[in-house]
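Working through the structure, step by step
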Amino acid sequence: MNGERTATGAGGDSSSGPPLLELAGVGKDYAKIESRGGRVALVWDLLRGRGASSAFTAVDGVSFAMRAGESLGVIGENGAGKSTLLKVVAGVIRPTRGTVSVRGRVGALLELGSGFHPEYTGSQNIDLAAALLGVTPAELAQRRESIVRFADLGPHLDDPIKHYSSGMVVRLGFAVATALAPDVLITDEVLAVGDESFQKKCMAWMENYLAGGGTLLLCSHSMYHVQKLCRHALWLRAGRVERYGPAIEVTQAYLAWHEEKSGAGKARRPEVHTGEGPDVHRVRSLALDPGEFVRIGAPLTVRGEAYSPDARAPVVLIGLVRADGTPVYGVATDMDGVAPRRIAHDRYAFSLEFPSLSLLPGKYVVRAHALDPEGVYLFDHVELPLTVTGESRELGLVRLAHRWDGEPPAESPSPAATRPDTTG
Amino acid sequence: MDEAVRAGPPADALVRARALFAQFFRREAPTRYLGSVTGLAWALVHPIALLAVYHFVFTTVFRATGFAGSSFLAFVAVALWPWLAAQEAIQRAAVSIPGYGGLIRKVAFPHEVVVYASVAATLALHFAGYVVVLVVLRAIGEPIHLAGLLLAIPLWAVMALAVAGLSLALSALQVFVRDVEHVLMPVLMMLMYLTPILYPLSLVPETMRGVVSANPFTWLVDRLRAALLEGRLGLEAGDLVAVAVALALFAAGRWIFVRLSPHFEDFV
């Protein structure tokens, strides 16, 4: 369509000019109909130019901008407003509040095959879809060949699509939407449909599109896809932006939040359990150095003070658990043959250093327990939240020392292309 | 409410709407007529059957006279076709939006094109039937001035404008209030008998004549008869008023549609 797309290299923020897509304070309310007469009342309200008197806010206060060549993944739980947001950007829904400005053609794949008519043949549906996308007949004539090739329907192109398998419909839909060179491509979980070979074809197309300077707005439940295809991510929670930033950071925060949430039933909130009465060993204070946020591979020191009712040095146990309660590592002073340092007759200081924290990015909890000198009675514990930050697509809890026997990839556009999809 | 700003030359939107109209028109016309076995014939069968029944009732049973010097057949045919066309166009267009629900929920496009395509498909078909019937009536010796068809085209165009306006309003309301469709049928039926289609305006009592003439369709029927039965092709002052009324109906209908259409997505 126009050959003036400037390809921005990976990590390059050099793109200039006005953003291709800009949302400012976008919100969308849906009218709630409570009674039979509610519909009539709603029509009356709408005709007078008012909003619905009773509304449900699906999306609110969303602002972001995308320049040519950028890619943004929208993540969030079901019902968080992802689809509504994408529809607003695609122009399917007019926002109740705020503005959406788009400079260029938006190609939306909100549901593959949604623009098709079941009685039409594949070929006629290409015409219909092109008209819906705003493609001129001349432009369509140029691209028809590549659409037909990508869809790969063979002789079925002239059959009514009601006789197609869902995979064939999906192929045709993707072929049409992608062949028409949108400036911004919006897709809603479409990578999840179709067979494996088609998914590979889609991924290859997307990577190629992005490498060629295409702009992608993707909505997905697969953090793997988001991390692989998107530079930025936007986490929607109950219609609002919970977090917006580099894809790795946001997806990790989202996953950590999920872990925390699934563990919430087990009361994993950081808290202090004080022992009963003053005559037990207990942890008086706990601190993390450098603090709650630590980069993967950076040093972490856990220090604090323990109280001893009988002036004997207590045993201190430090444990690391994931936010959902999964234990990761625990070690006590007596295991390593040390004792906390005495600072007063009944107070002991402890300090444990991890010179290079190998926990993978995510949310964790640091727990300190004070035990009696025999290490038998565990009276109480104190918890502090710990967030490990950093960019890593490794899986699991910790980074284990490892070494591959292999060779550097041969000019593959994405080193991740051969990684098996074990996430999502 | 802020408008979504969509850049690009305005001509783009028009080109796109035209392409969509062509697609939707094709979708409306064949699915309705060519899709069924009886096909295009239906467009002629229904009005011809009605005409035959009216002919029997009025000339044989009631022995009515006074059709402005014309035969009953020609007198009624000239007015009945546009009325049936308008009635069917409104009824079909009023329920046209839900048929495009899948598109409205997933694809951004100007929704009003659906209504225009539906109205245009119905009117175009019945205009074709109108021409055929007038030619046939002329061939069997009825007093029809075929030159009047030259004026019938702009007259139908004015009607189309008004019908489009009414259809826009009704189709938008129908999305929210499903009763529109059911109220429409009896209302249109009553309006037909209050319009001088089966009788000349001269038979209407003086006291009621003002009310009946106020109906815009009375103007259309009157002008069509003048052109096709009497061969009067000149324009009249009342034509300007009629065009203004049609424009006002269209503007009002479109205003209602534009207000309501952003909310279709949630209700279709």
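Remarks on the interface of chain B and chain A
Between chain B and chain A, the residue contacts involve 30 residues of the former and 34 residues of the latter. Of all the elements in the fold, those that place two or more residues in the side of chain B that touches chain A are strand 1 (5–6), helix 1 (10–34), helix 4 (101–106), helix 6 (149–176) and helix 10 (237–260) of chain B. No other element matches the eight residues that helix 1 of chain B contributes to the side of chain B that touches chain A. Tallied by class, residues from the side of chain B that touches chain A come to 17 nonpolar, four polar and nine charged.

With respect to the packing of helix 4 (residues 137–151) of chain A against helix 5 (residues 166–179) of chain A
All names here are of chain A. Packing of helix 4 against helix 5 brings their axes to within 8 Å, and their N-to-C directions diverge by 145°. By crossing handedness, the relation of helix 4 to helix 5 is classed as right-handed. Contact residues: helix 4 offers Arg-143, Ser-146, Ile-147, Phe-150 and Ala-151, while helix 5 offers Arg-171, Leu-172, Ala-175, Val-176 and Ala-179. For the contact of helix 4 with helix 5, the per-class residue count stands at seven nonpolar, one polar and two charged.

Comments concerning the domain arrangement of chain A
Residue and element names in this part refer to chain A. For chain A, the assigned domains read domain 1 (21–261) and domain 2 (273–389). One C-alpha centre belongs to domain 1, the other to domain 2, and the line joining them spans 48 Å. At the junction of the two partners, domain 1 supplies five residues and domain 2 supplies six residues. The class makeup of the residues in the side of domain 1 that touches domain 2 is two nonpolar, one polar and two charged.

Focus: the sheet that holds strand 17 (residues 347–354) of chain A
Strand pairing within a sheet occurs via backbone hydrogen bonds; the two strands may be parallel or antiparallel. Residue and element names in this part refer to chain A. Here we have four strands laid out as an open sheet, ordered 11-13-17-16, and antiparallel in their pairing. Strands at the two margins of the open sheet, each flanked by one partner only, are strand 11 (282–289) and strand 16 (341–344). For this sheet the average axis-to-axis angle between neighbouring strands, irrespective of direction, equals 25°.

Here is what the cut-offs are and how they apply
The residue numbers shown here count from 1 along each chain, following its written sequence. For this description, chains carry letters from A and ligands carry numbers from 1, given in the order in which they are written. A pLDDT threshold of at least 70 governs which residues receive local features in this predicted model, and a stricter bar of 80 or more applies before side-chain atom pairs are shown or counted, although totals over entire chains, interfaces and linings include all residues. Here contacts are defined at the residue level, using C-beta atoms placed from the backbone and a cut-off of 7 Å between them. Secondary structure follows DSSP: runs of H or I at least 4 residues long count as helices, runs of E at least 2 residues long count as strands, and numbering of each begins at the N terminus. Any residue outside Ala, Val, Leu, Ile, Met, Phe, Trp, Tyr, Cys, Pro, Asp, Glu, Lys and Arg is labelled polar, Gly included; the first ten of those are nonpolar and the last four are charged. Axis definition: a line fitted to C-alpha atoms, over the contacting stretch in the case of helices. Angles run 0 to 180 degrees between N-to-C directions. Left-handed is the label given to a crossing in which the near helix is rotated counterclockwise from the far helix by less than a right angle, and right-handed is the label when the rotation is clockwise. Domain start and end points were adopted from an automatic or database domain assignment. At least two DSSP bridges between two strands are needed for those strands to be called paired.

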